[in-house]
Amino acid sequence: SGDGAKICAQCDPGLGTLGVGSSHADDCIDVCTVPIMGFVASTNPQSRVAEGGNVEITCESKHTYGNTGTRTVVCSSSTNNFPASCRQVTISTTQSSVKAGDSGVLNCVVKANDVGTAIQWFKGDSETPLNSDDTAYTIATTLATSFEDDDKTKQSTSALSILNFAADDVASYSCKMDYNDPTLDDESAEQALAILGLTVTPSTAQIVSAAASLQLSCAMNLDETYVTRAVAWKLNGGAEISSDISTDTTSDAFTSTLTLSSIALTDAGTYTCTATYSLSDGSGSISLTGTIEVTVRGIETHPAALNVDLGSQIQISCVAVGDLQATITWKRGTTDLSGDVDVYAEDTKKTTSTLTIATAAAENAGDYKCIADFAGTAVESNVATVNVYDIGITENPANVAYLVGEDAVLSCTVKNPDGATPTLSWYKVDGDTNTAQDVSDINFNGENPGISTLTFSPATMANAGVYKCEAVYVVGDQTITRTSTTANLYIRELSKKLDEYTAVSALGGSQAFTCEYHGDDGVNAVAWTYNDGALPTGYDVTEGSYDSGTDKWESVLTVSPIIKSSGGAVKCAFSFSGTGTDITSTTNFRVRAVEALESEKISSAASYTVTCKYQGTDNPTVSWTVAGATVSDSDDNIGITAGTLTGSERSDELTISGRTYSDASKAITCKFSFTNPTAELTANTVLKFRGLSAGLNANYYSTGNEVTMQCSLGVGADGSVPSATAWYLDYVDSATPPLEAGVSYAIDTDSGVSNGLFKTTLTIKTGGITVANAGKYKCLFKVSESETYDSEGNLDVRLVTINPSDEDIYSYANAGLKLSCTLDASDSKSGITWTDPSGSTIDSAKYSNDESNPNIHILTLESSAASGEYKCTFAFTEGSSTVPVGVFSNVNSNLVTMVSDPALYSTYGSGVSVTLSCQVTSPSQLTLKFHDGSSELDPSSTKYEDGKTQVEYAITVDAANKGGTFTCRKSATEYSSASTTLTVFSMSTPLTSPTRGNTGTATTLSCVAQSHADVNVPTFTWMKGNSAATETAEADVVAEDKSTVTSKLPVTISSDNDASVYKCVATYSGLAAGTTLDSSTTIIMNKIAKSSEETVKTFAGEQVVLSCVATAANTVDIKWRKKADDWTEDDRKYVSLTGVPEAYDDDARTRKSTLTLSSPQASDTSDSIECYDETIGISGVMQLEVIETSAGNQEVVSGAETVISCDVTGLLAELDTVAWEKSTGDPITAEMTDYEVAAGSYNAETKTQTSTLTVKNGINTADAEYKCAVTRNGQTRKTSVHLNIFTITPVTPMKATTSVAQTLTCN
């Protein structure tokens, strides 16, 4: 159809018979030049055939039949109705209006019998297809590759997504199949897209003052797809706003407007308008949201009206809120006032201002307001009226406490101005409930100010509670109420008191006392007292606690066990933390106590008294029984003394007399009888007769004679033999062993009781008596473990030993014979007398005592003394009838004589010798020996001439023999009366060696030499080495008794006298032997010696061990340190190092410490490493140089002159040498002109030196490595420098032909 043009189609059996029959497959004329399925080339082709349209297909026979046929086919996508000439293009979208920011999606479907090269998309009238490479779009196309199920059509699809849809994307979009043939590309479809938008007005945040007006609007654009539009308004996400909203629809927009009139502070916040686009059928919708921030500046809290009393405080406040801090001022009427400092809260944007008037006066009344200024925008508050009245409560009721039954009174003081007398009321407050009190209990004295009272008479527990008073004033037309603060009325009672108890108890039992408090206020504490003081032992308190449910507190005091001292005044007291005094209750606790008697009373007395004691407040009657029979004061040998109750005590006595050892035991009972209540208390005992009838004498004496002692025990008529009997000497305790019969003792003890007595006898035999037998003797009778009887007597033994003890005594020469009596006695003598052969007493001037033993009494006989019997007799104050006597029966008076001087003096030293001599007159040569007090000494020579035996003894003064006292003897009993004492002088205080100290230490060398008053004191000389000391000695100091002489030499320790030997020499004159004494010391200066080198040089990483040895008199603590990097003379800073000390060598007086650096680095280099001791102030300083070399890798260009550097760090001085080597190890010498070596200069500040090697003629690949060799202290370390060499290698030169392309390569 159309303009009559022919449309040719390839003959298709599927078209059916077209007038010529289906058997003629080639009946169609060959009009179509290209046998394709689709439109043929035509000057006026049919442009489109839409689905449902008609197409005419004409077939002309190519044979002679000349038949033509025309068939009209309806283009349809249904089966069998889509001929080759039909082509269908459709475009669709799920939404023709797109929300801004979403993606707009269009879908294109091309349905035809043929497929082109692509599906193209176009925007608006543009003929340029959209490019899928544009980031604003995505295009997804699928071209068909086979027929659909109808075997006639192929369906291709394409989807266009427009990303982040915006206003400039609003347009009509079309799609078509591109056949790469302009005549076939016009079949297309078109779809328009619109944007869904929302415009908010005003577009910025709004700041308004309270009470202003504001309009907010949201506008939606119109869209034919979404025909329904709605706008909802909310504030701060709350409920939807339904009032003050209007809408307006124009040709291009739908607008909703919210009108805010007289804006309040509560209108501030975020307003949201939610615009909803809905499809007409309700199948979908899109919502858009716009926001507008509204800030309101205004007064959030207005000042409040206030009625105050004259003189009280006025305080009003206001709070302003906005987007920034406000400046708040105040006015009373038109008068400007100054408020307190504004307080601004950044988080809430609130500014608070308070106006305070401390004391209200009449002129302070008026209308007040605050003005808040927000950076030029002022907002005023409402007016607050302040009234000042001369009324009110001037004194509030106070907390009070009363006991049940007392008059309880609460009071408050109120103002009572003329013409405004208040009406007064009292209320009991219970939570929110106020109960008015009876007016009959309320009183007002009518004064100004006046006192209003509330009285409860008498008070009960029901009156307890919280109260307040109220004053109502009528001032003008105003009724003003003033209310006091609340006060507590406490009503208290003791619901259980101590006087309700019968407090009478017997011993051994227990008694409980209970106090219970009842009241509505808590008890602070409960206390119990005894006789107004602390509770004694046995009084235990269960304190209890306050029960808020019953308003009670119960406390219990328990006395257990009851003893006689338990009675007394018992008081409980409840104290309170608040108002009121303690509540107390007191009772008198009475105790009936009878002191128990011992189960047995044992006595040896003929008369014995039993005492019964009672304690209590009741006065009992007393009766006695003896051996079961009641006795009275009128009975024989019975005496009764009745007691009286004094205070709380009574004592009654029973006396039994006329007792003897033949009496039997008697049971005794005392009984106390009571009334109100009736009771009896008894005490019992058994009286037995037992005791010593005869004991030991106080003193016994023996001079070697036998001694007898006897003890007897009375046990009574019914008594028995003691369980044990023993004798002791110097008894201490039960561990002392008893005496046993034997050589020294004989013991005779009775086997039974006779006439009520039991005896034991001890005999000390004559042959066994020595002073060891002296002492205190005890006889002991043991009846039981708890009952023993004993008696003690002292024995003194007095024995004499004579010397010489020979029957005949001889003496020689004429110096006198000594007789001695040695007293061995246990007690002290009062004197001694000697008698001669005539019986006469010798003059006491000739008596003497041994210096070493005062008990040796000596009588020295002169040459004229007579021979015969001599006696020594000792006298004693006690026991004077028993004294010892020493008898020398035959004394011959001839004596030995000491020839040597009584006193000899010598110095101690090598080769010194002293000779002693003695003699005796004798008819022939005798044997004499010397004695040094401990042993006999053989004489060195003996001779006999002129009727005398003469002997000498040479003493070598050495370490084994340094003097003493010597006598000469013929025998042990025949010796010289005189002696010779040899005194050997030595240095009593020699020099101490060595003498140690720090350099500069001042010390004084001191020598003390012995001397004696009988000789000339020595003189001193000081030597240093072999020469006289250069120091000046102090003046010698001689002791007052000339026993010592001291010489001192002041010396200052230094390196000049270190290791020097000083010697003091004492020189004597006029001695028996020897002339000098000396003593020496070596000066040793404390120091720390560096055992390491002065400067230690090493390379990094190689272990270094430094050591120091300190020489000092005592243990030193060697520490290590080095100078810090920022060390200066003015600020000496150090870094501590950790060394390892060895043990102190006591013999050598040294201590060593080592510092080990396992892997030192250049940073460890220091020109001062010290080992030191803080106490003695000595140190050793060393230097440590740790050399570290670094070269690293360098990048160089082949053929260029290159400078290679080697950095050496950690140097203390310039390097000895720096050398360079090739990688082969060959050294680079000065003769090699291709190289230049520079050692570099030393930088003392950084301790570095850089050496360089210049390769003049350029580096080649064979020179990839060099080595710099650093030598220090004989050691060499080499460091490699690796070179990355860059080379450019051109290709072989080439010949090229004009216009012919060539490739050039650079490696």
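Quick caveat: nothing in here was measured; it's all calculated off a predicted structure.

## Considerations on the overall build of the protein
Now for step 1: Counting its regular elements, the protein contains zero helices and 104 strands.
Now for step 2: Of all 1307 residues assigned to the protein, the portion counted as buried reaches 37%.
Now for step 3: Of the roughly 66600 Å² of accessible surface on the protein, 46% is carried by carbon and sulfur atoms.

## A few points about unusual backbone geometry
Now for step 1: In the segment running from serine 457 into proline 458, the intervening peptide bond is cis, with an omega of -10°.
Now for step 2: If you trace the backbone, proline 458 turns up in the loop between strand S35 (450-456) and strand S36 (465-475).
Now for step 3: Across the junction of serine 560 and proline 561, the peptide omega takes the value -10°, indicating a cis bond.
Now for step 4: Tracing the sequence through the fold places proline 561 in the loop between strand S44 (552-559) and strand S45 (568-575).
Now for step 5: Positive phi, normally seen in glycine, also occurs at asparagine 236, with a value near 55°.
Now for step 6: Mapping asparagine 236 onto the fold places it in the loop between strand S14 (228-235) and strand S15 (240-241).

## Comments concerning the sheet that holds strand S84 (residues 1037-1038)
Now for step 1: Pairing in this open sheet of four strands is antiparallel, and the strands run S79-S81-S85-S84 from one edge to the other. Edge strands, defined here as strands with exactly one partner in the open sheet, are strand S79 (987-989) and S84.
Now for step 2: Here two bridges tie S84 to strand S85 (residues 1044-1052), and the two strands are oriented antiparallel to one another. Looking across to S85, one finds that valine 1037 is bridged to threonine 1046.

## So, the pattern of salt bridges
Now for step 1: Inspection of every chain in the model, using the stated rule, returns 28 salt bridges.
Now for step 2: A salt bridge links aspartate 652 to arginine 650; the nearest nitrogen and oxygen atoms lie 2.8 Å apart.
Now for step 3: Judged by its relative accessible area of 8%, arginine 650 is buried.
Now for step 4: Ionic contacts of the salt-bridge type, sharing partners, join the residues Lys776, Lys778 and Glu792 into one network.

## Focus: the pairing of strand S22 (residues 327-332)
Successive side chains on a regular strand alternate, one facing one side of the sheet and the next facing the other.
Now for step 1: Relative to strand S26 (residues 366-374), S22 is paired through six bridges, and the arrangement is antiparallel. Note on S26: the bridge partner recorded for threonine 329 is isoleucine 371.
Now for step 2: Two strands pair when backbone bridges link them, and S22 and strand S23 (residues 335-337) are joined in this way by three bridges, in the antiparallel orientation. Bridge assignment links lysine 331 to a residue of S23, and that residue is aspartate 336.
Now for step 3: Between the antiparallel neighbours S22 and S23 lie two residues, among them glycine 333 with a positive phi of about 65°.

## Side note on the sheet that holds strand S67 (residues 868-875)
Now for step 1: Read across the open sheet, the three strands follow the order S64-S67-S68; overall the sheet is antiparallel. Looking along the sheet, the strands with just one partner apiece sit at the ends: strand S64 (831-835) and strand S68 (885-891). Sheet twist, expressed as the mean angle between neighbouring strand axes with direction ignored, is 10°.
Now for step 2: Note: S64 against S67, five bridges, orientation antiparallel. Counterpart to threonine 835 in the pairing with S67 is lysine 871.

## Section: the nonpolar core
Now for step 1: In this structure, Leu214, Leu216, Val231, Trp233, Leu260, Tyr271 and Val294 are the most contacted members of the largest nonpolar core, which totals 27 residues.
Now for step 2: Where this core is concerned, the elements lending two or more residues are strand S13 (214-221), S14, strand S17 (253-260), strand S18 (269-278) and strand S19 (285-301).
Now for step 3: No other element matches the five residues that S19 contributes to this core.
Now for step 4: Discounting chain neighbours no more than four positions away, the residues touching tryptophan 233 are Leu216, Ser217, Cys218, Ala239, Glu240, Ile241, Ile245, Ser256, Leu258, Thr272 and Cys273.
Now for step 5: Judged by nonpolar contacts, the second largest core, of 24 residues, contains Tyr389, Ile391, Val400 and Tyr402.

## Description of the packing of aromatic side chains
Now for step 1: Taken as a whole, this structure holds 16 aromatic pairs when the rule is applied.
Now for step 2: Clustering of aromatic rings is evident, with ring pairs tying together Tyr517, Trp553, Phe574 and Phe576.
Now for step 3: In this structure, arginine 492 packs its charged tip against the face of phenylalanine 576, placed 3.5 Å from the ring centre.
Now for step 4: Sitting over the ring of tyrosine 1172, arginine 1121 keeps its end group 4.2 Å from the ring centre.

## A few points about the layout of surface pockets
Now for step 1: Its volume calculated, the largest pocket comes out at about 680 Å³.
Now for step 2: Lining the largest pocket are 22 residues, with Lys818, Asp850, Ile858, Arg969 and Tyr975 sitting closest to its centre.
Now for step 3: For the lining of the largest pocket, the secondary structure elements donating two or more residues are strand S63 (817-825), strand S66 (856-861) and strand S76 (963-971).

## Topic: the confidence of the model for the protein
Detailed reading of the predicted coordinates is not advisable wherever pLDDT is low.
Now for step 1: In the predicted model, the protein carries a mean pLDDT of 82, and the fraction of residues at 70 or more is 89%.
Now for step 2: Low pLDDT, under 50, characterises residues 1-85; the predicted model gives this stretch 127 contacts beyond four residues in sequence or across chains.

## Description of the side chain of serine 484
Now for step 1: Among the secondary structure elements, serine 484 is positioned in the loop between strand S37 (478-483) and strand S38 (487-496).
Now for step 2: If we skip the residues at most four places from it in the chain, serine 484 touches Ile393, Asn396, Pro397, Lys468 and Cys469.

## Regarding the environment of serine 1223
Now for step 1: Relative to the elements of secondary structure, serine 1223 occurs in the loop between strand S99 (1217-1222) and strand S100 (1235-1238).
Now for step 2: Taking C-alpha positions, serine 1223 is 7.5 Å from aspartate 1263, a pair spaced 40 residues apart along the chain.

## Some points on the state of the cysteines
Now for step 1: Counted under the stated rule, the structure contains 12 disulfides.
Now for step 2: The disulfide bridge from cysteine 515 ends at cysteine 572, spanning 1.8 Å between sulfur atoms. When the S-S torsion is -75°, as for the bridge of cysteine 515 with cysteine 572, the disulfide is left-handed. Separated by 57 residues along the polypeptide, cysteine 515 in strand S40 (residues 511-519) and cysteine 572 in strand S45 bring together distant segments of the chain.
Now for step 3: A relative accessible area of 0% places cysteine 515 in the buried class.

## Some thoughts on the pairing of S37
Now for step 1: Strand direction decides the pairing type here: S36 and S37, joined by six bridges, are antiparallel. Paired with alanine 471 across the two strands is arginine 482, which belongs to S37.

## Comments concerning the environment of tyrosine 975
Now for step 1: As for its position among the elements, tyrosine 975 is in strand S77 (residues 974-975).
Now for step 2: Accessibility expressed as a relative area gives 27% for tyrosine 975, which makes it partly exposed.
Now for step 3: Non-local contacts of tyrosine 975, meaning those with residues more than four positions away in its chain, are made with Lys818, Val896, Cys968 and Arg969.

## Regarding the environment of asparagine 773
Now for step 1: The residue asparagine 773 is located in the loop between strand S60 (757-764) and strand S61 (775-782) in this model.
Now for step 2: The class for asparagine 773 is buried, based on a relative accessible area of 6%.
Now for step 3: Measuring from C-alpha to C-alpha, the distance between asparagine 773 and aspartate 730 comes to 9.9 Å, with 43 residues separating the pair along the chain.
Now for step 4: A polar contact of 3.2 Å, which involves the side chain of asparagine 773, links it to the side chain of tyrosine 745.

Parameters and conventions
In this convention, every chain numbers its residues from 1, walking through the sequence in written order. Owing to the predicted nature of the model, reporting of local features is limited to residues with pLDDT of at least 70; listing and counting of side-chain atom pairs is limited to 80 or more, with chain, interface and lining totals taken over all residues. With hydrogens and water excluded, all non-hydrogen atoms of the structure serve as input to the side-chain values. Comment: elements are numbered from the N terminus, with helices defined as DSSP H or I runs of at least four residues and strands as E runs of at least two. Summary of the burial criterion: residues with accessible area below 20% of their type's maximum are buried, those above 50% are exposed, and those between are partly exposed, where the area comes from a 1.4 Å probe applied to protein chains only. Reported accessibility uses the Shrake-Rupley method at a 1.4 Å probe radius. Residues are deemed covered only where the shown protein chains occlude them. At least two bridges found by DSSP between two strands is the condition for calling them paired. Salt-bridge detection follows one rule: a side-chain nitrogen of Lys or Arg within 4 Å of a carboxyl oxygen of Asp or Glu. Every angle, taken between N-to-C directions, lies between 0 and 180 degrees, and every axis is a line fitted to C-alpha atoms, over only the stretch in contact when it is a helix. Here, nonpolar core means buried Ala, Val, Leu, Ile, Met, Phe, Trp, Tyr and Cys residues that are tied together by side-chain atoms lying within 4.5 Å of each other. Should any heavy atoms of two residues lie within 4.5 Å, those residues are counted as being in contact. The pairing test for Phe, Tyr and Trp rings, Trp by its six-membered ring, is centres within 6.5 Å, and the orientation test on the planes gives stacked under 30 degrees, edge-to-face over 60, and tilted for anything in between. Here, over-ring charges are defined by two tests on the NZ atom of lysine or the CZ atom of arginine: distance to the ring centre within 6 Å, and angle to the ring normal within 35 degrees. Here the term cavity refers to a set of points on a 1 Å grid, laid over the protein atoms alone, in which a 1.4 Å probe fits but cannot get out; the term pocket refers to an open set having protein on both sides within 12 Å along at least five of seven lines, with lining residues being those that place an atom within 4 Å of a point. Grid points are joined across faces, edges and corners, and a volume is the space filled by probe spheres set on the points. The predictor attaches a confidence to each residue, and that confidence, scored 0 to 100, is pLDDT. By convention in this document, the label disulfide applies to cysteine sulfur atom pairs within 2.5 Å. The definition of a polar contact used here is a pair of N or O atoms within 3.5 Å, where within protein one atom must be able to donate a hydrogen and the other to accept one, and adjacent residues in sequence count solely through side-chain atom pairs.

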